[in-house]
Amino acid sequence: MIEVKNLTKQYGAKKAVDNISFTVNDGEILGFLGPNGAGKSTTMNILTGYISSTDGEVLINGIDILDNPTAAKKEIGYLPEIPPLYPDMSVKEYLNFVYDLKKCRIPREAHIDDVCKLVKITDVYNRLIKHLSKGYRQRVGMAQALIGNPKILILDEPTVGLDPKQILDIRNLIKRLGKKHTVILSSHILSEIQAVCDRIVIINKGEIVADDTTENLTKAVSDDLRYTARIDGPREEVIKLIKGIRGVEDVTAEMEREPGIYDYEIEVAENSDIRRDLFKRLAERNWYMLGLRSNEMTLEDIFLKITMGSDVKVGAKPVDEKTQRELMEQVSGAVMAADAVSRMKISDGSEETESESDGGEE
Ligand code: ADP
Ligand code: MG
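**Student:** Where do I start with the site of ligand 1 in this structure?
**Tutor:** Lining the immediate environment of ligand 1, one finds Y11, K14, A16, P35, N36, G37, A38, G39, K40, S41 and T42. Here a nitrogen atom of ligand 1 sits 3.5 Å away from a polar atom, N or O, in the side chain of Y11. The contact in question runs from an oxygen atom of ligand 1 to an N or O atom on the backbone of G37, over 2.7 Å. When isolated, ligand 1 has an accessible area of 560 Å², and the protein chains bury 61% of it. When contributions to the shell around ligand 1 are tallied by element, the ones reaching two or more residues are β2 (14-24) and α1 (40-47). Ranked by residue count, the leading element in the shell around ligand 1 is α1, at 3 residues. Among the residues forming the shell around ligand 1, the class breakdown is 4 nonpolar, 5 polar and 2 charged.

**Student:** Can you walk me through the coordination of the magnesium ion (ligand 2) in this structure?
**Tutor:** Around a metal, the idealised angle for a tetrahedral arrangement of four donor atoms is 109.5 degrees; for an octahedral arrangement of six donor atoms it is 90 or 180 degrees. The coordination sphere of the magnesium ion (ligand 2) contains the protein donors S41 (OG) and E81 (OE), at a distance range of 2.0 to 2.8 Å. In this pair, S41 sits in helix α1 while E81 sits in the loop between β6 (76-79) and α3 (91-101), placing the two residues 40 residues apart along the sequence. Residue E81 is classed as partly exposed on the basis of its relative accessible area, which comes to 44%.

**Student:** Whenever I open this one, helix α6 (residues 164-178) confuses me. Can you help?
**Tutor:** One full turn of an α-helix is made of 3.6 residues, so residues set three or four places apart face in the same direction. Over its 15 residues, α6 extends 21 Å from the first C-alpha to the last, a length consistent with the 21 Å expected when each residue adds 1.5 Å. Most of α6 sits inside the fold, with 13 of its 15 residues counted as buried. Capping the start of α6 is the job of one residue whose side-chain oxygen sits 3.1 Å from the backbone nitrogen of K165: D163.

**Student:** Explain the pairing of β6 to me, please; I cannot follow it from the model alone.
**Tutor:** Regular strands place side chains that alternate from one sheet face to the opposite one. The two faces of β6 match: I76 and Y78 on one face and G77 and L79 on the other face are all buried. Pairing between β6 and strand β7 (residues 152-156): 4 bridges, direction parallel. Looking across to β7, one finds that I76 is bridged to I152.

The rules behind the values
Residues numbered from 1 in each chain as written. Chains lettered and ligands numbered in written order. Predicted model: local features only at pLDDT ≥ 70, side-chain atom pairs only at ≥ 80, totals over all residues. Heavy atoms only, no water. Near = heavy atom within 4 Å. Polar contact = N/O pair within 3.5 Å; in protein donor to acceptor, adjacent residues only side chain to side chain. Areas by Shrake-Rupley, 256 points an atom, 1.4 Å probe, with all protein chains shown as cover. Helix = DSSP H or I, 4+ residues; strand = E, 2+ residues; numbered from the N terminus. Nonpolar A, V, L, I, M, F, W, Y, C, P; charged D, E, K, R; others polar. Donors = N, O, S within 2.8 Å, 3.2 Å for Na, K, Ca; no water. Buried < 20%, exposed > 50% of the residue type's maximum accessible area, 1.4 Å probe, protein only. Expected span 1.5 Å × (residues − 1). Pairing = 2+ DSSP bridges.

These figures come from the coordinates and say nothing about function on their own.
What follows is the structure, given as structure tokens:
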């Protein structure tokens, strides 16, 4: 368990972290989400004892990181934003070096072998780190965090700079690790956090603006559900048909996609799932449904709402116009990058999805 109480970090006149408190329970995968410069790395560096705080307290399984750093650090595996790799060492040399540095007591060969198997770097074990691809290097970074079997893993933006396939591999790995470890994972990419984490803490300008389960955060704003259905059929009659379905509150069809084929925007009451009814009734009339999607609020929407200060009941704080613009730019960039990934299959971590197609080399 990690307890963060009233943590503040001041760099000169600048408050990078401003009186934040949160708790991470055993076995949880916590997403630490925030735009660039929000204070994620600063917080993680304090949690892991790399830098000191200006004020506040961090307890790792009850041990104060400042009072007893050696004992507290034993519980933590840390993958910093820039992994501390030595390019001229082989993976083997490096992991043995980390093993010594951590004064690890677990039988050496078996332990290092286990860790390599877990993060899938056994095939590059004797290669120099500088000859590895970015994806493999990141996994070597994960391996060093796992040496010594720490209960807690703290991973700072572990997928930055990776390609979509490598991102997926790391995500699946984190999910696997989450079964045996308590994990804090930071990211500025929302879909990343959504795909992996049970709970989310959102930080903006050094302050926590939301702290809840992924499910609750999504629920908080997704109660007005909308569907978009692309239907091939006579427009006025289709509208009448849809309006007759229980739970439908409003239908509009302004978007003609192909001659006679419209996108019908359907608003429904809370907890109304109209999909089956809609399909059946259209089929009865021999009209064709060419597409259907629900426009549930995504975490992207939520994140924007929260950081831009719209009326959301999770602790929203208004921000100025310049910040809004910056956030918009960051988020839209992140969304585009994440979009490619979210279209790929995400496994529950139990099955094999990782291929070694990048061969480990640059
Ligand atoms: P994030 O990881 O969320 O991108 P950081 O924790 O790296 O954010 O940074 C938070 C804020 O603190 C930023 O405004 C950053 O410029 C500032 N900052 C970080 N490290 C230092 C430092 N060593 N000296 C001065 N300012 C810093
Ligand atoms: Mg950072």
